[in-house]
Amino acid sequence: MKLKKITKKDTIKKSNVDPIIIAGPCSVENFQLMDMTAAFLTNLGVKYLRGGAFKPRTSPYSFQGLKEEGIDILKEIREKYGLKIVSEIMDARDLDSALDVIDIIQIGSRNMYNYTLLKEVGKTKKKVLLKRGMAATIEEWLNAAEYIALEGNDDIILCERGIRTFETYTRNTLDLNCVPVVKQKTGLKIIVDPSHGTGRRELVKSMSLASISAGADGLILEIHPEPDKAVSDGFQSLNFKEFENVYHQVLKLYNIINTELK
């Protein structure tokens, strides 16, 4: 594995005191949803709001996101609450219009192999959240990060979101082995997405805590005030009360691991 730009000695940074917690609905459905979610997260002290304006979907008939209207909603929410916005960019042509709104550019699982997009994102000064491809090896994933870093941007957060295996009970198989591997081989931060990793709401809490125990720097979680009415991914989204419970337990565990045990 010939990594030059993201090796531990080159890019290691001081760890944050708090974990990186990113939360929000799968899709930006309307202003009211994002406003309600932002108010809830702000009250808890969460700094990062996720929401997809551009949505890659397996079926072309599924909701594809509000696109530019979604970006406008995120802009308004950002200005109102001061939250940092995390959202996916699928096409390099959309970068210019979104750069002033998005604080962390998400590269989704399907685009991990989109090397043209990776290079363009690497030319920006924005932090990048690079999700692992649904069937990608760790080596392929880290090489995708190299594509970004080689263009001058090594401000990258890796995100394990589960990989496709023969198991059908869960949406994906959450590969927590990769957390210590990434820590050993790179200086990049790594967070885990238990929502996509399991696809089952009732498993998100357990796998969130397992991720932190494995050494993850944080989590990205799908939440919705009424998950069963969500336009997309409601089956794996936590409601606000469930998220608050997970959030406090994660903070407690992270604090124990990163202070008392060091």
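Everything below is about the structure printed above this text.
Bear in mind that the values here come from a model prediction, so they are computed numbers and not experimental data.

> I would appreciate a short explanation of the pattern of salt bridges in the present structure.
Side chains that differ in charge, positive against negative, can pair when their charged atoms come close. Summed over all chains, the structure comprises 14 salt bridges. A salt bridge links Asp-91 to Arg-93, with the shortest nitrogen-to-oxygen separation between them at 2.5 Å. For Asp-91, a relative accessible area of 23% corresponds to the partly exposed category. Look at Arg-93 and you get exposed, because its relative accessible area is 71%. When salt bridges that share partners are traced, they join Arg-132, Glu-160 and Asp-175 into one network.

> Is there a simple way to explain the sheet that holds strand E3 (residues 84-88) in this structure?
Within a beta sheet, neighbouring strands are joined by backbone hydrogen bonds and run either parallel or antiparallel to one another. The strand order around the closed barrel formed by eight strands is E1-E2-E3-E4-E5-E6-E7-E8, and the pairing between neighbours is parallel. When strand polarity is set aside, the average angle formed by the axes of neighbouring strands in this sheet is 25°. Bridge analysis of strand E1 (residues 20-24) against strand E8 (residues 218-222) gives five bridges, and the strand direction is parallel. Within E8, the position partnered with Ala-23 by the bridge is Leu-221.

> What's the story with the environment of Ser-232 in this structure? I'm lost.
Within the fold, Ser-232 resides in the loop between E8 and helix H10 (240-260). Given the relative accessible area of 5%, Ser-232 is considered buried. Measuring from C-alpha to C-alpha, the distance between Ser-232 and Glu-29 comes to 9.2 Å, with 203 residues separating the pair along the chain. Within polar-contact distance, the side chain of Ser-232 engages the side chain of Ser-27 at 2.6 Å.

> Which parts of the structure should I look at to understand the packing of aromatic side chains?
Pairs of aromatic rings are described using the distance from one ring centre to the other and the angle between the two planes. A complete count under the given rule lists four aromatic pairs for this structure. For the ring pair Phe-40 and Phe-240, a centre distance of 4.2 Å and an interplane angle of 5° mean the geometry is stacked. Highlighted residues: Phe-40 in helix H2 (residues 31-44) and Phe-240 in helix H10, separated in sequence by 200 residues. Ring centres of Tyr-115 and Tyr-147 lie 4.3 Å apart, and the angle between their planes is 20°; this geometry places the pair in the stacked category. Placement of the pair is Tyr-115 in helix H5 (residues 115-122) and Tyr-147 in helix H6 (residues 138-149), with a sequence separation of 32 residues. Residue class for Tyr-115 comes out partly exposed when judged on its relative accessible area of 34%.

> Help me understand a negative patch on the surface in this model?
Negative charge collects at one region of the surface, where Glu-68, Glu-69, Asp-72, Glu-76 and Glu-79 lie side by side. On the secondary structure map, Glu-68 appears in helix H3 (residues 68-81). We classify Glu-68 as partly exposed; its relative accessible area is 47%.

> Explanation requested: H6 in the structure shown.
Within an α-helix, residues lying three or four positions from one another point in the same direction, as the helix has 3.6 residues per turn. For H6, which comprises 12 residues, the first-to-last C-alpha distance of 16 Å matches the rise-based estimate of 16 Å (1.5 Å per residue) to within 8%. Turning to H6, its buried residues are Ile-138, Trp-141, Leu-142, Ala-144, Ala-145, Glu-146, Ile-148 and Ala-149. Of the surrounding secondary structure, the elements contacted by the buried residues of H6 are H5, strand E5 (127-131), strand E6 (156-160), helix H7 (178-185) and strand E7 (189-192).

> Explain the nonpolar core here, please?
Burial of nonpolar side chains together is a common tendency in soluble globular proteins. If you look at the biggest cluster of nonpolar residues, it comprises 67 residues, and the most contacted ones within it are Leu-130, Leu-158 and Phe-243. Per-element accounting of this core gives the leading share, seven residues, to H6. Apart from residues no more than four positions distant in its own chain, Leu-130 is found in contact with Ile-107, Met-112, Leu-118, Trp-141, Ala-144, Ala-145, Ile-148, Ile-156, Ile-157, Leu-158 and Cys-159. Judged by nonpolar contacts, the second largest core, of 10 residues, contains Ile-20, Val-86, Cys-159 and Ile-191.

> Explain the pairing of E8 to me, please; I cannot follow it from the model alone.
The side chains of a regular strand alternate between the sheet's two faces. E8 sits mainly inside the fold: five of its five residues count as buried. Both faces of E8 are covered, namely the face carrying Gly-218, Ile-220 and Glu-222 and the face carrying Leu-219 and Leu-221. Note that E7 and E8 share two bridges and pair parallel. If you follow Ile-191 over to E8, its bridge partner there is Gly-218.

> Explain the side chain of Thr-7 to me, please; I cannot follow it from the model alone.
Along the polypeptide, Thr-7 turns up in the segment before helix H1 (8-11). The buried category is assigned to Thr-7, whose relative accessible area is 15%. In contact with Thr-7, other than residues within four places in its own chain, are Lys-185, Thr-186 and Gly-187.

Reading the values: rules and limits
- Within each chain, residue numbers correspond to sequence positions counted from 1 in written order.
- At least 70 in pLDDT is required for a residue's local features to be given in this predicted model, at least 80 for side-chain atom pairs to be given and counted, and no such filter applies to totals for whole chains, interfaces and linings, which use all residues.
- Note that the side-chain values use all heavy atoms of the structure and ignore hydrogens as well as water.
- A pairing counts as a salt bridge when a side-chain nitrogen of Lys or Arg comes within 4 Å of a carboxyl oxygen of Asp or Glu.
- The cut-offs for exposure are 20% and 50% of the maximum accessible area for each residue type, with area from a 1.4 Å probe on protein chains only; residues under the lower value are buried, those over the upper are exposed, and the others partly exposed.
- A pair of strands is treated as paired once DSSP finds two or more bridges between them.
- Secondary structure elements follow DSSP: runs of H or I no shorter than four residues count as helices, runs of E no shorter than two count as strands, and numbering proceeds from the N terminus.
- Whenever a helix is involved, its axis is fitted only over the stretch in contact; in every case the axis is a line through C-alpha atoms, and angles between N-to-C directions fall within 0 to 180 degrees.
- Counting of polar contacts relies on pairs of N or O atoms within 3.5 Å, with two restrictions inside protein: one atom must be capable of donating a hydrogen and the other of accepting it, and residues adjacent in sequence are counted only when both atoms are side-chain atoms.
- Classification of ring pairs rests on two measures: the distance between centres of Phe, Tyr or Trp rings, Trp counted by its six-membered ring, which must be within 6.5 Å, and the angle between planes, read as stacked under 30 degrees, edge-to-face over 60 and tilted in between.
- Each patch groups residues whose relative accessible area exceeds 30% and which form no salt bridge, using 9 Å between like charges and 5 Å between nonpolar side chains of Val, Leu, Ile, Met, Phe, Trp and Tyr.
- For every accessible area listed, the method is Shrake-Rupley and the probe measures 1.4 Å; residues are considered covered only by the protein chains on display.
- The convention is simple: Lys and Arg are positive, Asp and Glu are negative, and His and the chain ends are not counted.
- In this description, the location of a charge corresponds to atom NZ of lysine, CZ of arginine, CG of aspartate or CD of glutamate.
- How far a helix is expected to stretch is found by multiplying one less than its residue total by 1.5 Å.
- Only heavy atoms matter for contacts: two residues are in contact if any of them lie within 4.5 Å across the pair.
- Put simply, a nonpolar core is a bunch of buried Ala, Val, Leu, Ile, Met, Phe, Trp, Tyr and Cys residues held in one set by side-chain atoms that sit within 4.5 Å of each other.

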